[in-house]
Amino acid sequence: MKALGWRGALVLAALCWGGSATFTKTALGGMQPMTLLTVQLAASAVVLWAALLVRGGPLPRPTLPLVLLGVLEPALSYAFFTFGLLRTTASNASLLTALESFFAIGLACLFLRERLTGSRVVALVLAFAGVLALEGAAGGSFAPRLGDALVLIGVLCVATYVLLASRVAEEVDALTLTAYQFGFALLCVLPIAVTLWITGVESPPTGAAPSDWGAAALSGIGGYALSFLLYHYAIASVTPTTAAMVLNLIPVFGLACAVLFLGEELTAPRLIGAALILAAVAAFSREPEPGHPEPEPATQPEEPQPKPETTGLAR
């Protein structure tokens with residue numbers, strides 16, 4: 001993973017997250033929201049813990065930050081996201097995730113005292129314009145829905161998670177962090193799902209079709225486990241604002257997957273919005289990371305000065 005670099009890891013994480021909306025939308029046809037989330041988390045937790053145990057080595061003690069990471073993301077955030085998908089389109093849900101950067105950068109400036117430079121302001125303006133263009137693509141005007149509001153609450157959970165993960169990733173390696181996160185997320189969601197099954201609010205997944213199980217497992221392992229593993233690897237090397245800004249690519253990948261696999265319409269406003277978001281990421285990437293300054297121009301080495309002559313009195 002070292003050869004991939006933090007930029008490649010963030011881009012691949014954005015691709016996995018963007019595509020997860022399409023597969024989740026497909027799986028919702030055969031599973032109800034909390035049931036689907038439970039299956040996704042279970043598939044992710046099994047794969048991550050299997051990899052962690054195969055790797056070997058001592059396991060750290062569970063701590064409050066690790067518990068909070070699992071509760072915030074993916075338990076709460078994906079619960080809101082999944083319920084929101086029932087009341088909005090896969091494109092809208094993917095596109096609204098671009099607002100993660102605004103929440104995350106705002107919280108980082110407020111609580112972590114990160115500096116909001118000119119290039120960051122330009123990038124935020126471009127990204128916001130891209131979100132507006134994408135949101136209003138369907139009818140040419142901005143018309144939010146109830147599902148969009150639920151998705152936005154999930155986005156706020158994600159922004160809070162970004163700040164916390166940037167601190168925890170400095171002390172815990174990516175695989176361990178991700179495995180613990182999904183383990184606690186599953187423990188948080190499973191009792192709720194079982195209660196819904198017992199009360200008849202939702203049906204157990206036993207009657208779901210194989211294609212629904214496949215979509216749920218794929219969105220869980222690829223869209224959840226792999227994306228978070230890549231993100232945790234990258235977040236240890238960059239600031240929260242940089243990670244949040246690069247993840248603006250999520251709606252672009254999400255839009256592409258919705259068009260390719262769900263047949264959703266690709267309109268001119270959506271293309272303009274995607275282009276603005278790409279421009280925002282490019283503008284933001286021009287700024288060097290703290291601790292990784294731009295190399296200084298090469299200078300000519302100074303010629304050695306002749307040593308002064310000494311006399312016999314000098315000691």
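Let me sum up the structure you'll find in this document. Not measured: the values here are computed from a predicted model.

**Considerations on the overall build of the protein chain**
Part 1: Each helix and strand in the protein chain was counted, giving 12 helices and zero strands.
Part 2: Secondary structure elements of the protein chain occur, N-terminal to C-terminal, as α-α-α-α-α-α-α-α-α-α-α-α.
Part 3: When each of the 315 residues of the protein chain is scored for burial, the buried share is 50%.
Part 4: In the protein chain, of all internal contacts separated by at least 6 residues, the share reaching a separation of at least 24 is 89%.
Part 5: Here the protein chain has roughly 15300 Å² of accessible surface; of this, 68% comes from carbon and sulfur atoms.

**So, a nonpolar patch on the surface**
Part 1: Residues Leu 190, Val 194 and Ile 198 make up a contiguous nonpolar surface patch of about 260 Å² in total accessible area.
Part 2: Relative to the elements of secondary structure, Val 194 occurs in helix H8 (residues 174–199).

**What to know about the packing of aromatic side chains**
Part 1: Enumeration according to the criterion identifies seven aromatic pairs in this entry.
Part 2: When the ring of Trp 49 is compared with that of Tyr 180, the centres are 5.2 Å apart and the planes differ by 50 degrees; the resulting orientation is tilted. Of this pair, Trp 49 sits in helix H2 (residues 33–55) while Tyr 180 is found in helix H8, placing the two residues 131 residues apart along the sequence.
Part 3: Consider the rings of Tyr 161 and Tyr 231, whose centres lie 6.2 Å apart with planes at 35 degrees: the pair is tilted.

**Observations regarding helix H1 (residues 5–27)**
Part 1: For H1, built from 23 residues, the straight-helix expectation of 33 Å at 1.5 Å per residue is met to within 8% by its first-to-last C-alpha distance of 32 Å.
Part 2: Approximately 25 degrees is the largest bend angle found in H1, and it occurs at Ser 20.

**So, the pattern of salt bridges**
In a structure, side chains of opposite charge can pair up when their charged atoms sit close to one another.
Part 1: Inspection of the entire model under this criterion finds two salt bridges.
Part 2: In this structure, Asp 173 engages Arg 55 in a salt bridge whose closest nitrogen and oxygen atoms are separated by 2.9 Å. Of this pair, Asp 173 sits in the loop between helix H7 (146–168) and H8 while Arg 55 sits in helix H2, and the two are 118 residues apart along the sequence.
Part 3: For Asp 173, a relative accessible area of 35% puts it in the partly exposed group.
Part 4: By relative accessible area, which is 46% here, Arg 55 ends up partly exposed.

**What about unusual backbone geometry?**
Part 1: Looking along the chain, the bond that leaves Glu 73 and enters Pro 74 is cis, with omega of 20 degrees.
Part 2: Positionally, Pro 74 belongs in helix H3 (residues 64–85).

**Thoughts on the side chain of Ser 166**
Part 1: Looking at where Ser 166 falls in the secondary structure, it is placed in helix H7.
Part 2: Looking at Ser 166, its side chain comes within polar contact range of the main-chain oxygen of Leu 163, at 2.6 Å.

**Some remarks on the packing of H2 against H3**
Part 1: H3 packs onto H2 with a crossing angle of 135 degrees between their chain directions and a minimal axis gap of 9 Å. Relative to H3, H2 is oriented oblique. Relative to H3, the crossing made by H2 is right-handed. On H3, the residues touching Pro 33, Met 34, Leu 36, Leu 37 and Leu 41 of H2 are Pro 74, Ala 75, Tyr 78, Ala 79, Thr 82 and Phe 83.
Part 2: Class assignment for the residues of the contact of H2 with H3 results in 10 nonpolar, one polar and no charged.

**Quick look at the nonpolar core**
Part 1: Among the nonpolar cores identified, the biggest contains 72 residues, and Leu 37, Leu 41, Tyr 161 and Tyr 231 are the most heavily contacted of them.
Part 2: If you tally residues by element for this core, the top one is H8, at 12 residues.
Part 3: If we skip the residues at most four places from it in the chain, Tyr 161 touches Leu 69, Leu 72, Glu 73, Gln 181, Phe 228, Tyr 231 and His 232.

**Quick look at the packing of H1 against helix H9 (residues 210–235)**
Part 1: The N-to-C vectors of H1 and H9 enclose an angle of 160 degrees; their axes lie 8 Å apart at closest approach. By the angle between their axes, H1 is roughly antiparallel relative to H9. Note on packing geometry: the crossing formed by H1 with H9 is left-handed.

**A few points about helix H11 (residues 249–262)**
Part 1: In this model, H11 (14 residues) spans 19 Å end to end at C-alpha, consistent with the 20 Å of a helix rising 1.5 Å per residue.
Part 2: Residues of H11 that are buried: Leu 249, Ile 250, Pro 251, Val 252, Gly 254, Leu 255, Cys 257 and Ala 258.
Part 3: Downstream of H11 by one or two residues, Gly 263 has phi in the positive range, about 70 degrees.

**Description of the side chain of Thr 176**
Part 1: Position of Thr 176 among the secondary structure elements: in helix H8.
Part 2: A polar contact of 2.7 Å, which involves the side chain of Thr 176, links it to the side chain of Asp 173.
Part 3: In this view, Thr 176 contacts Leu 52, Arg 55 and Pro 60; residues no more than four positions away in its chain are not counted.

**Some points on the environment of Leu 255**
Part 1: Along the chain, Leu 255 turns up in helix H11.
Part 2: Each C-alpha atom, one on Leu 255 and one on Thr 22, is 8.9 Å from the other, the two residues being 233 residues apart in sequence.

Analysis parameters
- Residues numbered from 1 in each chain as written.
- Predicted model: local features only at pLDDT ≥ 70, side-chain atom pairs only at ≥ 80, totals over all residues.
- Heavy atoms only, no water.
- Helix = DSSP H or I, 4+ residues; strand = E, 2+ residues; numbered from the N terminus.
- Buried < 20%, exposed > 50% of the residue type's maximum accessible area, 1.4 Å probe, protein only.
- Contact = heavy atoms within 4.5 Å.
- Areas by Shrake-Rupley, 256 points an atom, 1.4 Å probe, with all protein chains shown as cover.
- Patch = residues over 30% accessible without salt bridge, like charges linked within 9 Å, V, L, I, M, F, W, Y side chains within 5 Å.
- Salt bridge = Lys/Arg side-chain N within 4 Å of Asp/Glu carboxyl O.
- Phe/Tyr/Trp six-rings, centres within 6.5 Å; stacked < 30°, edge-to-face > 60°.
- Expected span 1.5 Å × (residues − 1).
- Bend = angle between axes of the 7 residues up to and from the residue.
- Polar contact = N/O pair within 3.5 Å; in protein donor to acceptor, adjacent residues only side chain to side chain.
- Axes fitted to C-alpha atoms, helices over the stretch in contact; angles between N-to-C directions.
- Parallel < 35°, antiparallel > 145°, perpendicular 65-115°, else oblique.
- Left-handed = near helix turned anticlockwise from the far one by under 90°.
- Nonpolar A, V, L, I, M, F, W, Y, C, P; charged D, E, K, R; others polar.
- Core = buried A, V, L, I, M, F, W, Y, C linked by side-chain atoms within 4.5 Å.

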